Amino acid sequence: MEQGRIIKIISNRYEVLDANGQRLICVAMGKVRKQKVPVVGDIVLFERFEDQIGIQEICERKNELRRPAIANVDQAVIVMSCVEPAFSTTLIDRLLFLIAYANIKPILCITKTDLISKDHPLYQDIEDYRNSGYEVYETNIHDIESIASIWKDKISVLTGQSGAGKSTLLNSFDGSLQLQTQATSKALGRGKHTTRHCELYEIGGGWIADTPGFSSLDFSHLDAQRLADSILDFQNHGSCKFRDCLHIHEPGCVIRQGVEEGRISSTRYQHYQEVLQLIKQGKVKY
Ligand SMILES: Nc1nc2c(ncn2[C@@H]2O[C@H](COP(=O)(O)OP(=O)(O)O)[C@@H](O)[C@H]2O)c(=O)[nH]1
Ligand SMILES: [Mg+2]
Ligand SMILES: [Zn+2]
């Protein structure tokens, strides 16, 4: 059997990139469909038959996201606009937590900087992320230079609200892509949600998935302790001396101390507490 990677899914047709870089249209064989639902990014074993190419097996995933459904990514870029839609550290942090929880490297891309002044207060939030150890890029339609070199040899996924500028960003890197953006979809009268399926595009020497915006983020499947252990702000601060510590009530907890002394972002800590509540409550909409 040969190995390849799913780069696009349209209903039950899977586009697989083979070892020679050829794009093949495949179907999923029955036993695969029983095993699990194939997603973009999946490494698969496939077989060429006379009349079709069949995916026989989905290889073990090194990581996976649910929303968007994608597997085996190296980095997830949270695309957040300065305005339209409004900048939100709550949303950034919820995405940061979900991405780190999934064992994927998060990166922040702040778009539409052309629409705000250089002394806008949100630059303090950006500084806060940088101080916490996150990689942050600032872009706008006229200037994407700073983020141009991060894609090489990596599988990346863009995530963020509808309208944040994800498709615009990818179009700026490769004009031939012509991904539909909100402006173009309005012109065509197709409403707001323009990116309908998940697909990997070859850009900047790597592969990037554009994804639709989401209407909700689901925290119901998260384990509270694993969340606490996956938050980079806490990890960078050294480990808490208590085992199984959620860093909430425990006296002498190093993370709480770090927050009190201003060495851990109080915003992130507050958002962490909120997400713990959401986990307790079960399902949630943002
Ligand atoms: N002024 C400005 N507008 C932008 C920028 N990036 C995207 N837009 C606009 O924002 C709207 C939404 O962009 P789109 O790429 O469709 O967002 P997506 O839903 O995240 O893919 C479109 O009208 C874009 O032209 C930017 O850097 N500056
Ligand atoms: Mg889009
Ligand atoms: Zn603790």
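Residues numbered from 1 in each chain as written. Chains lettered and ligands numbered in written order. Predicted model: local features only at pLDDT ≥ 70, side-chain atom pairs only at ≥ 80, totals over all residues. Heavy atoms only, no water.

1. Section: the site of ligand 1
Here comes step 1: Taken together, 16 residues lie near ligand 1, and Asp 114, Gly 163, Lys 166, Thr 168 and Gln 182 sit nearest.
Here comes step 2: One nitrogen or oxygen atom from the main chain of Gly 165 is found 3.0 Å from an oxygen atom belonging to ligand 1.
Here comes step 3: Protein chains shield 84% of the accessible area of ligand 1, which is 580 Å² for the free molecule.
Here comes step 4: Among the secondary structure elements, those contributing two or more residues to the shell around ligand 1 are helix H4 (166-173) and helix H5 (182-188).
Here comes step 5: Partitioned by chemical class, the residues of the shell around ligand 1 number 4 nonpolar, 9 polar and 3 charged. (Near = heavy atom within 4 Å. Polar contact = N/O pair within 3.5 Å; in protein donor to acceptor, adjacent residues only side chain to side chain. Areas by Shrake-Rupley, 256 points an atom, 1.4 Å probe, with all protein chains shown as cover. Helix = DSSP H or I, 4+ residues; strand = E, 2+ residues; numbered from the N terminus. Nonpolar A, V, L, I, M, F, W, Y, C, P; charged D, E, K, R; others polar.)

2. Looking at H4
Here comes step 1: The set of residues buried in H4 consists of Lys 166, Ser 167, Leu 169, Leu 170 and Asn 171.
Here comes step 2: Of the surrounding elements, those touching the buried residues of H4 are strand S8 (75-81), strand S9 (105-111), strand S11 (155-159), strand S12 (199-203) and strand S13 (206-210). (Buried < 20%, exposed > 50% of the residue type's maximum accessible area, 1.4 Å probe, protein only. Contact = heavy atoms within 4.5 Å.)

3. Points about the coordination of the zinc ion (ligand 3)
Here comes step 1: Distances from the zinc ion (ligand 3) to its protein donors, Cys 240 (SG), Cys 245 (SG), His 247 (ND1) and Cys 253 (SG), fall within 2.2 to 2.4 Å.
Here comes step 2: Angles of 101 to 119° at the metal separate the 4 donor atoms of the zinc ion (ligand 3), which places the site in the tetrahedral class.
Here comes step 3: Positions of the donor residues of the zinc ion (ligand 3), expressed as sequence spacing, correspond to C-x4-C-x1-H-x5-C. One end of the pair, Cys 240, is in the loop between helix H7 (232-235) and helix H8 (254-260); the other, Cys 253, is in the loop between H7 and H8, and 13 residues separate them in sequence.
Here comes step 4: Under the relative-accessibility criterion, Cys 240 is labelled buried at 14%.
Here comes step 5: According to the relative accessible area criterion, Cys 253 is buried, its value standing at 1%. (Donors = N, O, S within 2.8 Å, 3.2 Å for Na, K, Ca; no water. Tetrahedral: all angles 85-135°; square planar, octahedral: opposite > 155°, others 65-115°.)

4. Some remarks on the confidence of the model for the chain
Here comes step 1: Put simply, the chain has an average pLDDT of 91, and 94% of its residues get 70 or more.
Here comes step 2: Every residue in residues 190-194 is under pLDDT 50, and counting partners more than four places away or in other chains gives 11 contacts. (pLDDT = per-residue confidence, 0-100.)

5. Quick word on the domain arrangement of the chain
Here comes step 1: Taken as a whole, the chain is organised into domain 1 (2-58), domain 2 (64-210) and domain 3 (224-281).
Here comes step 2: Summarising the inter-unit geometry, the C-alpha centres of domain 1 and domain 2 are found 28 Å apart.
Here comes step 3: On the side of domain 2, 10 residues touch domain 1, which itself brings 12 residues to the contact.
Here comes step 4: Contact between domain 1 and domain 2 buries roughly 920 Å² in total, counting both sides, with carbon and sulfur atoms accounting for 62%.
Here comes step 5: Considering only the surface of domain 1 that becomes buried against domain 2, Arg 5, Ile 7 and Val 40 emerge as the three largest contributors, covering 43% of it.
Here comes step 6: Along the contact surface separating domain 1 from domain 2 lie 1 salt bridge.
Here comes step 7: Residue Glu 199 is joined to Lys 8 by a salt bridge in which the shortest nitrogen-to-oxygen separation is 3.9 Å.
Here comes step 8: The interface formed by domain 1 and domain 2 holds 3 residue pairs in polar contact (both at pLDDT 80 or more) in total.
Here comes step 9: Partitioned by chemical class, the residues of the side of domain 1 that touches domain 2 number 7 nonpolar, 1 polar and 4 charged. (Domains from an automatic or database assignment. Buried area = accessible area lost by both parts, 1.4 Å probe. Salt bridge = Lys/Arg side-chain N within 4 Å of Asp/Glu carboxyl O.)

6. Concerning the side chain of Asp 93
Here comes step 1: Mapped onto the elements of the fold, Asp 93 is located in helix H2 (residues 89-101).
Here comes step 2: The contact partners of Asp 93, leaving out residues within four places of it in the chain, are Tyr 129, Thr 267, Arg 268 and His 271.

7. Comments concerning the side chain of His 271
Here comes step 1: Along the chain, His 271 turns up in helix H9 (residues 266-281).
Here comes step 2: Excluding its chain neighbours within four sequence positions, the residues that come into contact with His 271 are Thr 89, Thr 90, Asp 93 and Phe 97.

8. With respect to the pairing of strand S1 (residues 2-10)
Here comes step 1: Bridge analysis of S1 against strand S4 (residues 43-48) gives 4 bridges, and the strand direction is antiparallel. What sits directly across from Gln 3, in S4, is Leu 45.
Here comes step 2: The pairing of S1 with strand S2 (residues 13-17) spans 5 bridges and is classified as antiparallel. The partner of Ile 10 across the bridge, within S2, is Arg 13. (Pairing = 2+ DSSP bridges.)

9. Overview of the packing of H2 against H9
In a pair of packed helices, the angle between the axes and the distance between the axes together describe the arrangement.
Here comes step 1: Where H2 meets H9, the closest approach of the two axes is 10 Å, and the angle between their N-to-C directions is 65°. It follows from the interaxial angle that H2 and H9 lie roughly perpendicular. The way H2 lies across H9 gives a crossing that is right-handed. Packed against H2, whose contacting residues are Thr 89, Thr 90, Asp 93, Arg 94, Leu 96 and Phe 97, the element H9 presents Thr 267, Arg 268, His 271, Tyr 272, Glu 274, Val 275 and Leu 278 at the interface.
Here comes step 2: Its residues assigned to classes, the contact of H2 with H9 comprises 5 nonpolar, 4 polar and 4 charged. (Axes fitted to C-alpha atoms, helices over the stretch in contact; angles between N-to-C directions. Parallel < 35°, antiparallel > 145°, perpendicular 65-115°, else oblique. Left-handed = near helix turned anticlockwise from the far one by under 90°.)

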